[in-house]
Each structure stands twice: as C-alpha cells, then as structure tokens.
Amino acid sequence: MPTKEELKAAVFSLNDMSAAGPDGFNGFHMEKKGPSINHLSFADDVIIFTSTSNFSLKMIMKTMQLYEHTSGQLINKEKSQCMIPLNTDPAIIEKVTSITGFKSTHGPITYLGCPLYIGGQRIIYFTSMVSKVISRIRGWQTKILSYGGRVILIKSVLQSLPIHLLSAITPTVTTLKQITRLMADFFWGWDKEKRKYHWASWKTLSYPVEEGGIGMKNIQDVCLALQYKQWWTFRSKKTLWGEFLKANYCQRAHPVINKWNTCQSLMWKHMVANKMNIEPHINWHINSGTCSFWWDDWMGIGPLANHNSYLPRLNNTTVSEYLENGELNMQKIRKDAPPQLVQQILSTDIIYKHNIPDQAC
C-alpha cells in the first residue's frame with residue numbers, strides 16, 4: 001500500500017490545468033466548457049469514459065493492473081464490456097477490444113439497475129423491470145389472499161419496485177401500461193387461468209379512499225412526479241449531472257427559456273416539457289446574487305422578464321451584477337428594470353453573503 005507521503009506527492013504532482021486523471025488521458029465531455037467525466041463508480045460497479053486513443057486505453061489497462069497488484073483482487077473480464085456505438089469503424093472496435101481484452105457491445109448495459117443505451121428507447125430495454133413484477137406475482141398466486149392482502153402487497157412491494165428506475169429514467173408508455181396491467185390482474189385475480197372481470201378501472205382504484213378509491217398509486221402519476229423532481233434537482237442543486245446538462249443545453253440561454261429540439265436527449269425533453277409547471281413554485285433567496293436577474297423568481301412576484309415588454313434585450317445577467325457593496329445599485333436598477341417595479345425592487349431586503357450561492361426554496 002502507498003504511504004501517506006507517496007499519496008501526497010502524487011496529488012501535488014497533478015497538473016491543475018488538466019482534467020482529472022493522468023496528463024494526456026482523454027475522458028468524456030460534450031462541451032469544452034462542461035465537466036470532463038473520466039469515471040463513475042458505486043461500490044464495485046465502475047464505468048470508465050475514454051476516447052479510443054492508444055495512450056488512453058493503455059493507461060486504463062495499466063491502472064487496472066496496478067489495482068490488481070496492489071489489492072490482490074482480479075478484474076473479471078468476462079463481466080466487463082466496452083460499449084461502442086453501432087456505427088463505429090470496425091478497425092476502431094478491433095483496436096479497443098485487443099488492447100483492453102474486453103468484449104464490445106452496442107448496448108444496452110445495466111448500471112445500478114438502470115439500462116444504459118445508445119439511441120432511442122425500445123420496450124425490450126425495460127423487460128427486466130417487468131420480469132421482476134411478474135416473478136413477485138407468481139410467488140404469491142399460489143397463496144390464498146384476500147383483496148385486502150393483495151392491496152397491501154401491491155402498495156408495499158409491487159409499486160415500490162420501479163421507483164429506483166423511474167427516478168432516473170422514464171420508461172416507454174407501453175412498459176408503464178404493462179406494469180399497471182399486471183398489478184390490476186393480480187388485484188382482481190384469476191379463475192382457471194383466465195383473468196377475472198375488473199369491476200373498476202385502475203384509475204378509479206387510484207383515488208384516495210375519501211374519493212371512492214382504495215389509495216393505489218397511478219404509475220404514470222409517479223413517473224410525472226419524479227420528472228418534476230428531476231427539474232427541481234437540476235435547478236436547485238449543484239451536481240455533476242446538472243453541470244453536464246447545463247454545459248450541453250444551456251450555454252446560450254437560461255434553462256427557463258430553453259427549448260427542446262430533436263437532437264437532444266429524451267430526459268431533457270421531459271424536463272423541458274414539465275418546467276413551466278414547476279418554475280412558479282421555485283423561489284430564490286439571495287445570498288451573493290448568483291441567480292438570474294431576469295429569469296429567476298427572487299422577489300416572489302415571478303421572473304422580472306414576465307413584467308418586461310421588451311424581451312430581446314434580456315440576457316443571463318445575474319443579480320450580483322446589480323449589486324454594489326452588498327446592496328442594489330439604484331442607478332443600474334432604474335436603467336434596466338421595468339419602471340413600474342423599480343421601487344419594489346429597491347425596497348427588497350438583501351442580506352449579502354459573499355461566495356455563498358443563492359438558494360432555491
């Protein structure tokens with residue numbers, strides 16, 4: 001094992017102007033201004049992002065060999081794969097597999113229970129989630145269960161199974177309907193290998209007890225709620241995932257006014273589609289003025305852009321650009337702000353906190 005002094009020397013020898021990792025190693029980034037991602041890891045599941053350069057590939061294998069030598073643990077190459085796009089030059093695929101010794105795949109692969117794939121969604125990518133629901137139901141069908149017992153199993157087990165997946169990825173509509181159908185069939189039961197008649201729709205069963213339902217969860221509603229949470233996390237917290245999205249999609253425009261186009265990801269499409277339902281509930285507490293002067297609601301009356309009739313001049317100016325010595329600059333506010341709101345803006349109480357980002361609430 002390396003000593004404390006050896007670790008210290010290794011850290012201080014890194015080039016502070018390069019991305020994380022050895023100098024010359026090419027990680028992954030979508031935009032030059034965005035974060036360079038070399039790897040993601042959780043427990044013993046690791047994904048390494050790299051270019052196909054000989055140096056980078058050999059550096060990865062050298063690092064793995066060093067890990068094996070130091071830890072005494074061997075990397076299972078049978079379970080390791082290189083995920084390469086389908087349209088990649090066969091010569092490049094051959095080079096990658098020969099240097100790494102790993103098999104190549106076009107996807108999907110599963111990481112932390114979520115399918116990772118290249119291109120559009122396909123129903124087959126989510127069959128493992130459906131299979132989990134089916135396997136649970138098969139284990140219960142041999143038992144004599146009352147309707148009350150089935151309700152408890154559905155609420156506590158079946159409806160909990162997809163939560164992790166839904167929090168990260170929105171499956172296809174067909175997959176969501178299939179899971180709902182399986183839960184409904186289990187609730188109403190079977191008679192001689194035939195489904196019993198469903199006396200009420202799943203939508204009706206999803207209503208609260210006070211409204212005539214039994215409190216089941218509608219999986220489409222759960223999916224929508226988790227999409228809302230993704231936008232809240234993206235806007236309110238500083239994360240690697242959020243910084244990656246901002247660098248890729250929001251360099252030229254604020255997220256609030258950004259639009260989705262066909263070359264962007266499906267997750268971003270869902271987030272953009274839902275943002276206007278969430279933004280009215282996001283207020284900003286000013287600390288150092290890092291939020292947008294025009295597009296973030298930092299006064300409690302909605303974005304100032306909504307009160308300005310001359311939209312072309314609005315930009316990504318932050319509140320800090322209108323602050324001087326921790327207080328709002330009267331001259332700048334009178335020059336740029338909507339005239340009818342000048343006094344209200346100037347009367348806003350700001351407790352300035354240097355270098356502390358503004359907080360969403």
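In case you missed it, the structure is sitting above this.
In short, a report on the structure.

Rules used in this analysis
- Residues numbered from 1 in each chain as written.
- Predicted model: local features only at pLDDT ≥ 70, side-chain atom pairs only at ≥ 80, totals over all residues.
- Heavy atoms only, no water.
- Salt bridge = Lys/Arg side-chain N within 4 Å of Asp/Glu carboxyl O.
- Helix = DSSP H or I, 4+ residues; strand = E, 2+ residues; numbered from the N terminus.
- Buried < 20%, exposed > 50% of the residue type's maximum accessible area, 1.4 Å probe, protein only.
- Polar contact = N/O pair within 3.5 Å; in protein donor to acceptor, adjacent residues only side chain to side chain.
- Core = buried A, V, L, I, M, F, W, Y, C linked by side-chain atoms within 4.5 Å.
- Contact = heavy atoms within 4.5 Å.
- Axes fitted to C-alpha atoms, helices over the stretch in contact; angles between N-to-C directions.
- Parallel < 35°, antiparallel > 145°, perpendicular 65-115°, else oblique.
- Pairing = 2+ DSSP bridges.

## Comments concerning the pattern of salt bridges
Applying the stated criterion to the full structure yields three salt bridges. The residue Arg 195 makes a salt bridge to Asp 185 at a minimum N-O spacing of 3.2 Å. Of this pair, Arg 195 sits in strand E8 (residues 194–195) while Asp 185 sits in helix H7 (residues 173–188); the two residues are 10 residues apart in sequence, bridging distant segments of the chain. Judged by relative accessible area, Arg 195 falls into the partly exposed class, the value being 48%.

## Quick look at the side chain of Asn 248
Here Asn 248 lies in helix H10 (residues 240–249). Among the residues examined, Asn 248 registers a relative accessible area of 17% and is labelled buried. One polar contact links Asn 248 to Tyr 249, side chain to side chain, over a distance of 3.5 Å.

## Structural notes on the nonpolar core
Within the largest apolar cluster, 32 residues are counted, with the highest numbers of intra-cluster contacts made by Trp 268, Phe 293, Trp 298, Leu 304, Ile 333 and Ile 345. Listed by contribution, the elements that provide at least two residues to this core are helix H9 (219–236), H10, helix H11 (266–278) and helix H13 (342–346). The element best represented in this core is H11, accounting for four residues. Not counting residues up to four positions away in its chain, the partners in contact with Phe 293 are Trp 298, Leu 304, Thr 317, Thr 318, Val 319, Tyr 322, Ile 333 and Ala 337. If you look at the next biggest cluster of nonpolar residues, it comprises 30 residues, including Met 129, Leu 153, Phe 187 and Val 222.

## Looking at unusual backbone geometry
For Leu 112, which is not a glycine, the phi torsion comes out positive at approximately 55°. With respect to the element layout, Leu 112 can be found in the loop between strand E5 (109–111) and strand E6 (114–116). We classify Leu 112 as partly exposed; its relative accessible area is 35%. The phi dihedral of Asn 325 falls on the positive side, at around 55°, and the residue is not glycine. Its place among the elements puts Asn 325 in the loop between strand E10 (323–324) and strand E11 (327–328).

## Details of the packing of H10 against H11
In the contact formed by H10 and H11, the axes pass within 12 Å of each other and the chain directions differ by 90°. On the basis of the axis angle, H10 is roughly perpendicular to H11. For the pair H10 and H11, the contacting residues are Trp 241, Leu 245 and Tyr 249 in the first and Met 267, Trp 268 and Met 271 in the second.

## Structural notes on the environment of Gln 340
Along the chain, the position of Gln 340 falls in the loop between helix H12 (330–336) and H13. Judged by relative accessible area, which is 54%, Gln 340 ranks as exposed. Counting along the chain gives 32 residues from Gln 340 to Asn 308, while the straight-line C-alpha distance between them is 9.7 Å. Within the local environment of Gln 340, its side chain forms a polar contact with the backbone oxygen of His 307, the two atoms lying 3.2 Å apart.

## Thoughts on the pairing of strand E2 (residues 45–48)
Bridge count for strand E1 (residues 39–42) against E2 is four bridges, and the pairing is antiparallel. Residue Ser 41 lies in a different strand from E2, and its bridge partner there is Val 46. Hairpin connection from E1 to E2: two residues lie between these consecutive antiparallel strands, with Ala 43 at a positive phi of about 55°.

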